[in-house]
Amino acid sequence: MDVSIVGGSGYAGGELARLLFQHPKATVKHVTSRKNAGKPISLLHPNFDGVSRIKFSLPDMDAVARDVDVVFLATPHHTSHAFVPDLLDTGVKVIDLSADFRLKSVERYEYFYGEHDHPEYLEKAVYGMPELHAEAIKNAMLIAVPGCHASSAIYSLYPVLSNDLIEPFPIIVDSKTGSTGAGIVPTPASHHPARANVIRPYKLTGHRHTAEIEQALLPSLAKNQQHAFKVSFSAHAIDAVRGILSTVHVFLKEELDSERPLYKAFRRFSKNQPFIRFIKKNAGLFKLPDPKTIIGSNFCDIGFEKDPLSSRLVIVSALDNLVKGAAGNAVQCFNIACGFAETTGLDAMPIFPL
Ligand SMILES: NC(=O)c1ccc[n+]([C@@H]2O[C@H](COP(=O)([O-])OP(=O)(O)OC[C@H]3O[C@@H](n4cnc5c(N)ncnc54)[C@H](OP(=O)(O)O)[C@@H]3O)[C@@H](O)[C@H]2O)c1
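Residues numbered from 1 in each chain as written. Predicted model: local features only at pLDDT ≥ 70, side-chain atom pairs only at ≥ 80, totals over all residues. Heavy atoms only, no water.

**What to know about the packing of helix α7 (residues 148–162) against helix α9 (residues 209–217)**
Okay, step 1: Running from amino to carboxyl end, α7 crosses α9 at an angle of 30°, the nearest separation of the two axes being 9 Å. Judged on the interaxial angle alone, α9 and α7 are roughly parallel. Of the two elements, α7 crosses α9, and the hand of that crossing is right-handed. Taken together, the residues of α9 that come into contact with α7 (itself represented by Cys-148, His-149, Ala-150, Ala-153, Ile-154, Leu-157, Tyr-158 and Leu-161) are His-209, Glu-212, Ile-213, Ala-216 and Leu-217.
Okay, step 2: For the contact of α7 with α9, a count of residues per class yields 10 nonpolar, two polar and one charged. (Axes fitted to C-alpha atoms, helices over the stretch in contact; angles between N-to-C directions. Helix = DSSP H or I, 4+ residues; strand = E, 2+ residues; numbered from the N terminus. Parallel < 35°, antiparallel > 145°, perpendicular 65-115°, else oblique. Left-handed = near helix turned anticlockwise from the far one by under 90°. Contact = heavy atoms within 4.5 Å. Nonpolar A, V, L, I, M, F, W, Y, C, P; charged D, E, K, R; others polar.)

**Topic: the site of the ligand**
Okay, step 1: The local shell around the ligand holds 28 residues, among which Ser-9, Ala-12, Ser-33, Arg-34 and Thr-75 are the closest.
Okay, step 2: Burial of the ligand by the surrounding chains reaches 88%, relative to a free accessible area of 880 Å².
Okay, step 3: Mapped onto the shell around the ligand, the elements with two or more residues apiece are α1 (11–21) and α11 (323–338).
Okay, step 4: Residues belonging to the shell around the ligand are distributed by class as follows: 11 nonpolar, 14 polar and three charged.
Okay, step 5: The residue makeup of the shell around the ligand includes at least three contributed by each of domain 1 (2–124) and domain 2 (149–319). (Near = heavy atom within 4 Å. Areas by Shrake-Rupley, 256 points an atom, 1.4 Å probe, with all protein chains shown as cover. Domains from an automatic or database assignment.)

**A closer look at the domain arrangement of the protein chain**
How big an interface is tends to be stated in terms of the accessible area lost upon association of its parts.
Okay, step 1: We note that the domain assignment places domain 1 (2–124) and domain 2 (149–319) within the protein chain.
Okay, step 2: Of the roughly 1200 Å² buried at the junction of domain 1 and domain 2 (both faces included), carbon and sulfur atoms supply 52%.
Okay, step 3: Put simply, domain 1 and domain 2 have three salt bridges between them.
Okay, step 4: Note that Arg-242 is salt-bridged to Glu-15, the shortest N-O span being 2.9 Å.
Okay, step 5: Applying the counting rule to domain 1 against domain 2 returns seven residue pairs in polar contact (both at pLDDT 80 or more).
Okay, step 6: Where the side of domain 1 that touches domain 2 is concerned, the elements lending two or more residues are α1 and α5 (106–113).
Okay, step 7: Tallied by class, the residues present in the side of domain 1 that touches domain 2 amount to five nonpolar, four polar and six charged. (Buried area = accessible area lost by both parts, 1.4 Å probe. Salt bridge = Lys/Arg side-chain N within 4 Å of Asp/Glu carboxyl O. Polar contact = N/O pair within 3.5 Å; in protein donor to acceptor, adjacent residues only side chain to side chain.)

**Re the nonpolar core**
Okay, step 1: Leu-16, Leu-20, Phe-72, Ile-95 and Phe-334 are the most contacted members of the largest nonpolar core, which has 39 residues in total.
Okay, step 2: Ranked by residues supplied to this core, first place goes to α11 with nine residues.
Okay, step 3: Apart from residues no more than four positions distant in its own chain, Phe-334 is found in contact with Met-1, Val-3, His-23, Ala-26, Val-70, Phe-72, Ile-95 and Phe-340.
Okay, step 4: The next biggest cluster of nonpolar side chains, apart from the first, holds 38 residues, and it includes Ala-216, Leu-217, Phe-233 and Ala-235. (Core = buried A, V, L, I, M, F, W, Y, C linked by side-chain atoms within 4.5 Å. Buried < 20%, exposed > 50% of the residue type's maximum accessible area, 1.4 Å probe, protein only.)

**Description of the packing of aromatic side chains**
Okay, step 1: Within this structure, the stated rule accounts for 15 aromatic pairs.
Okay, step 2: Seen in terms of ring centroids, Tyr-109 and Tyr-113 are 5.0 Å apart; in terms of plane orientation they differ by 25°. Their pairing is stacked. Here the residue Tyr-109 and the residue Tyr-113 both occupy positions in helix α5, the gap between them amounting to four residues, near one helical turn. Side by side, Tyr-109 and Tyr-113 carry an identical accessibility label, which is buried.
Okay, step 3: With centroids separated by 5.6 Å and ring planes inclined at 20°, the aromatic side chains of Phe-266 and Phe-278 adopt a geometry described as stacked. One end of the pair, Phe-266, is in helix α10 (residues 260–271); the other, Phe-278, is in strand β12 (residues 276–278), with 12 residues separating them in the sequence. You'll find Phe-266 and Phe-278 in the same group, each marked buried.
Okay, step 4: An aromatic cluster is built from Tyr-263, Phe-266, Phe-278 and Phe-304, whose rings are joined through pairwise contacts.
Okay, step 5: Across the ring face of Tyr-121, the terminal group of Lys-124 is positioned such that the distance to the ring centre comes to 4.8 Å. (Phe/Tyr/Trp six-rings, centres within 6.5 Å; stacked < 30°, edge-to-face > 60°. Lys NZ or Arg CZ within 6 Å of the ring centre and 35° of its normal.)

**Let's talk about the pattern of salt bridges**
Pairing is possible between side chains of opposite charge, provided their charged atoms come close.
Okay, step 1: Applying the stated rule across the entire model yields 13 salt bridges.
Okay, step 2: In this structure, Glu-135 and Lys-138 form a salt bridge, with 2.7 Å as the shortest nitrogen-oxygen distance. A residue pair is termed a helical-turn pair when its members lie 3 or 4 positions apart in one helix, as Glu-135 and Lys-138 do in helix α6 (residues 130–138) at three residues.
Okay, step 3: Overall, the relative accessible area of 55% leaves Glu-135 in the exposed class.
Okay, step 4: Classification of Lys-138 as partly exposed rests on a relative accessible area of 39%.
Okay, step 5: Residue Arg-312 is joined to Asp-307 by a salt bridge in which the shortest nitrogen-to-oxygen separation is 3.4 Å.
Okay, step 6: Arg-312 sits in the partly exposed class, given a relative accessible area of 27%.
Okay, step 7: Three or more residues are tied together by salt bridges with common partners; here these are Glu-15, Arg-18, Arg-242 and Asp-320.

**Let's talk about the pairing of strand β2 (residues 27–32)**
Okay, step 1: When strand β1 (residues 2–6) meets β2, the two strands line up parallel, connected through four bridges. Bridge pairing in β2 places Ile-5 opposite Val-31.
Okay, step 2: The parallel pair β1 and β2 is bridged by α1, and the resulting crossover is right-handed.
Okay, step 3: The pairing of β2 with strand β3 (residues 56–57) spans two bridges and is classified as parallel. Counted as the bridge partner of Val-31 is Phe-56 from β3. (Pairing = 2+ DSSP bridges. Right-handed = clockwise from strand over helix to strand, strands pointing away.)

Take a look at the structure:
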């Protein structure tokens, strides 16, 4: 398959290029950047020195779609509104990493992100979470890749909600992220003296990913539980370049005599999913998921601990925001949509120690 990457000078676009350059069934034809058009990709992404001589081009949608099968959009929110209709008209598949087409409800979209220029495409887009929507992804023309915090929260909660093990409220997700989550454009908050050594609460309430977490998980609840379902999400910036760790506090419906139903739910979810690992060990330093053990890979690790003093269950999940939280998941969707094995080009092991 021939592919283009729009927004290739950014962090998610660079990670897409890394994965697609190594993908045995993909050829990257165009990588765009307005600011760097004409310059070699390795000038911005030095990991491609000696790997690719491709040069950035301008994001002209006619040109990027002309000779390819799939276009990846790795551009900021609101940018895909203008690109998607023109691209779909040419017959290419579009895999969008932004939030522009993730939500079904235009009201929810506009509450969190502002006006939507093409709400008529919201229903047509498929939420690109392979573990939940593989069938729909197979035939989709427009795939909206989930957000990084949202993915971590959804993978944590799906096993217990779909097995009716926890109360639908309260559900508290406390998520921590590295600096690449904020993109490549420097801001006062990302300036090194301000960003280094932080454990900073940056969005304690009203985080945009709350909407997609609730949308993705609602159908997994029993009908009589759905009205009460609510997710409370908070985000922190931590002193790391990559990685997300979400700590999720939920409450069991009934006191369990043993943890077997919990083990069963997490094992069943991870068993047939190549990139979801259930991590809960009795020994060693890494008994539970830890971003240090997944960086560079498409894994999301999930695990739990039951509070012996109450009905609280604490679930943790770790993923690399640029891989399973963005580009890796996008390539997994690409594989499914193009009929390749889901893991094609995604078999790189995590780097350890990091
Ligand atoms: N970073 C993450 O961890 C992460 C995780 C999940 C999802 N995402 C999503 O992925 C998308 C990209 O994120 P990122 O962190 O890679 O952002 P980024 O580092 O800021 O990169 C954005 C890219 O888009 C290009 N761009 C910006 N405005 C454009 C426009 N109007 N038209 C065409 N190209 C434009 C930029 O290059 P030029 O300005 O030179 O054109 C750059 O290549 C975002 O929607 C983000 O929410 C990111």
